[in-house]
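# Descriptive analysis of the structure
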Amino acid sequence: MRIGELAAVVGVTTRAVRHYHHLGLLPEPERRANGYREYGLRHAVVLARIRRLTELGLGLAEVRDVLADDAGKDLVEVLTELDEDLARQEEAVRERRARLRTLLDAEGGVPAEGPVSPELAALFAGTAHLSDSPMAVKDREIIAFLETAMPAEDRERLVSSVGEALGSPGAMARAGEAYALLDALADAEPDDPRVEEAAVALADCVPPGLFPEAGELDQDDSFLRAFYDDLAPAQAEAVRRTLRILVVERR
């Protein structure tokens, strides 16, 4: 058989045959006087076995290990490891599908900032009426970012604190007022007198658990700098003043 005939019989491509030659998986016959290589039944048997093993999910390095053992005693070990790996993948897929289903079934649907945790999605659903506020939208984006970037234990504290900020009596109204004041500063100067009013209103919305202890805040932190750069100058100044107020209050 020529290489094309061998490939057709086994159901692979000639490119695959040449690749297996290159990797040393399939013996390459010597060229005959006419310049062509002639493949025999043994080549077809080995090539068919390579195809079966790769279809099971074995990598080519694992296929080489199996083919190197004429007695076939390593095949059971390799297939057992493959089965265990597939079981782990199946479990991971089940967990991912369960998380997706929780998000899809959540009241209020998947938030625009999603995917986020089901707990945070539920909190965001409660603030949907604030979506007309650019600062409220930006705030939700930052909270979603923090939930992704934080260690697991800090994420739980973040969600709990956001729930506290939005769940206390009058909290939603205070948040709406603070966002409105900040939105109004979009075209203002940093020395606008409304900056202090917005800072005080925003500080009144922040629960203790959402803010570090006094002394832990670094106004020159790279994330804070990026956050300020994303705001209008007066809005950034209001946030800076808010943080100063919180530091003084929580000393």
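Shown above is the structure to which this text applies.
Residues numbered from 1 in each chain as written. Predicted model: local features only at pLDDT ≥ 70, side-chain atom pairs only at ≥ 80, totals over all residues. Heavy atoms only, no water.

Assigned secondary structure in the protein chain consists of twelve helices and zero strands. Listed by position from the N terminus, the elements making up the protein chain come as α-α-α-α-α-α-α-α-α-α-α-α. Partitioning the intrachain contacts of the protein chain with sequence separation of at least 6 by distance along the chain shows that 57% fall at a separation of at least 24. In the form shown here, the protein chain has an accessible surface area of approximately 15400 Å², with 53% of it arising from carbon and sulfur atoms. (Helix = DSSP H or I, 4+ residues; strand = E, 2+ residues; numbered from the N terminus. Contact = heavy atoms within 4.5 Å. Areas by Shrake-Rupley, 256 points an atom, 1.4 Å probe, with all protein chains shown as cover.)

Within the fold, lysine 138 resides in helix H7 (residues 134-149). Non-local contacts of lysine 138, meaning those with residues more than four positions away in its chain, are made with Asp230 and Leu231.

Let's shift gears to the packing of aromatic side chains. For the coordinates displayed, the defined rule picks out one aromatic pair. Seen from their ring centres, phenylalanine 227 and tyrosine 228 are 6.3 Å apart, and the 40° between their planes marks the pair as tilted. Accessibility classification places phenylalanine 227 together with tyrosine 228 in one group, the buried group. Stacked on the ring of tyrosine 36, the Lys or Arg arginine 2 has its end atom at 4.0 Å from the ring centre. Positioned over the ring face of tyrosine 228 is arginine 240, at 4.2 Å from the centre of the ring. (Phe/Tyr/Trp six-rings, centres within 6.5 Å; stacked < 30°, edge-to-face > 60°. Buried < 20%, exposed > 50% of the residue type's maximum accessible area, 1.4 Å probe, protein only. Lys NZ or Arg CZ within 6 Å of the ring centre and 35° of its normal.)

Let's shift gears to the environment of alanine 171. With respect to the secondary-structure elements, alanine 171 resides in helix H9 (residues 171-183). Along the primary structure alanine 171 and valine 206 are separated by 35 residues, whereas in three dimensions their C-alpha atoms are 9.7 Å apart.

This paragraph deals with the pattern of salt bridges. All told, the structure shown has eleven salt bridges when counted by the stated rule. Across the pair glutamate 91 and arginine 94 runs a salt bridge, and its minimum N-O distance is 2.7 Å. With glutamate 91 and arginine 94 both in helix H5 (residues 73-105) and three residues apart, this pair spans about one turn of that helix. Residue class for glutamate 91 comes out partly exposed when judged on its relative accessible area of 36%. With a relative accessible area of 47%, arginine 94 lands in the partly exposed category. Lysine 138 serves as the salt-bridge partner of aspartate 230, at 2.8 Å between the closest nitrogen and oxygen. Of the two residues, aspartate 230 is situated in the loop between helix H11 (222-229) and helix H12 (233-249) and lysine 138 in helix H7; the sequence distance between them amounts to 92 residues. Among the residues examined, aspartate 230 registers a relative accessible area of 48% and is labelled partly exposed. Taking the relative accessible area as the measure of exposure, lysine 138 reaches 19% and is therefore buried. (Salt bridge = Lys/Arg side-chain N within 4 Å of Asp/Glu carboxyl O.)

Turning our attention to a negative patch on the surface. Taken together, the side chains of Glu62, Asp65, Glu77, Glu81, Asp83, Glu84 and Glu90 define an acidic patch exposed on the protein surface. Residue contributions to the negative patch peak at five residues, all from H5. Relative to the helices and strands, glutamate 77 resides in helix H5. (Patch = residues over 30% accessible without salt bridge, like charges linked within 9 Å, V, L, I, M, F, W, Y side chains within 5 Å. Lys, Arg positive; Asp, Glu negative; His and termini not counted. Charge placed at Lys NZ, Arg CZ, Asp CG, Glu CD.)

Before going further, it helps to examine the packing of helix H3 (residues 41-55) against helix H4 (residues 60-68). Where H3 contacts H4, the axes come no closer than 10 Å and their chain directions differ by 130°. When the axis of H3 is compared with that of H4, the two are oblique. As for how H3 packs across H4, the hand of that crossing is right-handed. Contact with H3, carried on its side by Arg49, Ile50, Leu53 and Thr54, involves Leu60, Val63, Val66 and Leu67 of H4 and no other residues of that element. Residue composition of the contact of H3 with H4, grouped by class: six nonpolar, one polar and one charged. (Axes fitted to C-alpha atoms, helices over the stretch in contact; angles between N-to-C directions. Parallel < 35°, antiparallel > 145°, perpendicular 65-115°, else oblique. Left-handed = near helix turned anticlockwise from the far one by under 90°. Nonpolar A, V, L, I, M, F, W, Y, C, P; charged D, E, K, R; others polar.)

What follows concerns the nonpolar core. In a soluble, globular protein the nonpolar side chains are often hidden away together inside. Core analysis: the largest hydrophobic core is formed by 22 residues, its most contacted members being Leu6, Val17, Tyr20, Leu26, Leu47, Ile50 and Leu58. Taken together, the elements giving at least two residues each to this core come down to helix H1 (3-10), helix H2 (14-23), H3, H4 and H5. The residues contacting isoleucine 50, other than those within four sequence positions of it, are Tyr20, Leu25, Leu26, Val63 and Leu67. (Core = buried A, V, L, I, M, F, W, Y, C linked by side-chain atoms within 4.5 Å.)

Don't take any of this as a statement about function, it's just geometry.
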